[in-house]
Amino acid sequence: MEYFEIVDINGNIIGSASREECHRNPTLLHRVSHVFVFNSNYQLYLQKRSIHKDIQPGKWDTSVGGHLNPGETHEQAACRELAEELGITGVLPIHLYDYTWRSERESELVRTFKVVYDGLIKFDKEEIDEGRFWTLEEIQLAIPTNILTPNFIEEYNRYLNHLG
């Protein structure tokens, strides 16, 4: 069984709970790293979540996202998830911002990073059904169509606000 560290609003570890508990109880705040993968043409890579995922199956989502393993930093998790989900190694994620995401099912303390990458992407077919680079215009047009996860839409809007 997979366990996550439970944290307070400041990221201090206050306990642990199973993945299942964390995804059924929004009072259990746990840590997550997200990475936006851009290419040099400023297109953003999105992944289509596996139809077998327990949350938002079959929807387009942030380039990379994952829970922290016990004892792991956000930076370590970002690099691990880049390698596991997209086969990307040897890059240094740049920290953008932190925020708290809350839904009816869960609460996450998210640290968001970005990388620019033009190499080969080999996504994990167990986790991801497909992936591709999107123009920012394509993303804007997709927002009202219900093909993107609500979490990604929130994340994308935060990113645009972060840019100013």
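Residues numbered from 1 in each chain as written. Predicted model: local features only at pLDDT ≥ 70, side-chain atom pairs only at ≥ 80, totals over all residues. Heavy atoms only, no water.

1. Overview of empty space enclosed by the protein
Picture a little ball the size of a water molecule; that probe, rolled over the atoms, points out where space is still empty. Tallied over the full model, the rule gives one cavity of 30 Å³ or more. Put simply, the largest cavity is a space of about 40 Å³. In terms of lining residues, the largest cavity is bounded by Phe-4, Glu-5, His-30, Arg-31, His-67, Leu-68 and Asn-69. Looking at the lining of the largest cavity, the elements that each hand over two or more residues are strand S1 (3–7) and strand S3 (29–38). In terms of residue class, the lining of the largest cavity is built from two nonpolar, three polar and two charged. (1 Å grid on protein atoms, 1.4 Å probe; cavity = no way out; pocket = protein on both sides within 12 Å on 5 of 7 lines; lining within 4 Å. Points joined across faces, edges and corners; volume = space filled by probe spheres on them. Helix = DSSP H or I, 4+ residues; strand = E, 2+ residues; numbered from the N terminus. Nonpolar A, V, L, I, M, F, W, Y, C, P; charged D, E, K, R; others polar.)

2. Let's talk about the confidence of the model for the chain
The predicted model of the chain has a mean per-residue pLDDT of 95, with 100% of residues at 70 or higher. Of all the helices and strands in the chain, helix H4 (residues 150–163) carries the lowest mean pLDDT, 93, while strand S5 (residues 60–61) carries the highest, 98. (pLDDT = per-residue confidence, 0-100.)

3. Overview of the environment of Asp-98
Topologically, Asp-98 is positioned in strand S7 (residues 94–102). It is 13 Å that separates the C-alpha atoms of Asp-98 and Phe-36, two residues lying 62 residues apart in sequence. If near-sequence neighbours (up to four positions away) are discounted, Asp-98 is found in contact with Val-110, Arg-111 and Thr-112. For Asp-98, the side chain forms a polar contact with the side chain of His-95, separated by 2.8 Å. At 2.8 Å, the side chain of Asp-98 forms a polar contact with the side chain of Arg-111. (Contact = heavy atoms within 4.5 Å. Polar contact = N/O pair within 3.5 Å; in protein donor to acceptor, adjacent residues only side chain to side chain.)

4. So, helix H2 (residues 74–86)
The first and last C-alpha atoms of H2 sit 17 Å apart over 13 residues, in line with the 18 Å expected at 1.5 Å per residue. Among the residues making up H2, those that are buried are His-74, Ala-77, Ala-78, Arg-80, Glu-81, Leu-82, Glu-85 and Leu-86. One or two residues past the end of H2 sits Gly-87, with phi positive at roughly 70°. (Expected span 1.5 Å × (residues − 1). Buried < 20%, exposed > 50% of the residue type's maximum accessible area, 1.4 Å probe, protein only.)

5. Some thoughts on the pattern of salt bridges
Applying the stated criterion across every chain, the model contains 12 salt bridges. The salt bridge involving Arg-19 is made with Glu-2; its shortest N-O contact spans 3.0 Å. With Arg-19 in helix H1 (residues 19–22) and Glu-2 in the segment before S1, this residue pair connects regions lying 17 residues apart in the sequence. In this structure Arg-19 comes out as partly exposed when scored by relative accessible area, which is 24%. Using a relative accessible area of 35% as the deciding quantity, one classes Glu-2 as partly exposed. When salt bridges with common partners are traced through the structure, they connect Glu-72, Arg-80, Glu-81 and Glu-84 into a single cluster. (Salt bridge = Lys/Arg side-chain N within 4 Å of Asp/Glu carboxyl O.)

6. Description of the pairing of strand S2 (residues 13–18)
Both S1 and S2 contribute to a ladder of five bridges, which runs antiparallel. The partner of Phe-4 across the bridge, within S2, is Ala-17. Where S1 hands over to S2, the hairpin turn is made up of five residues, of which Gly-11 adopts a positive phi near 90°. (Pairing = 2+ DSSP bridges.)

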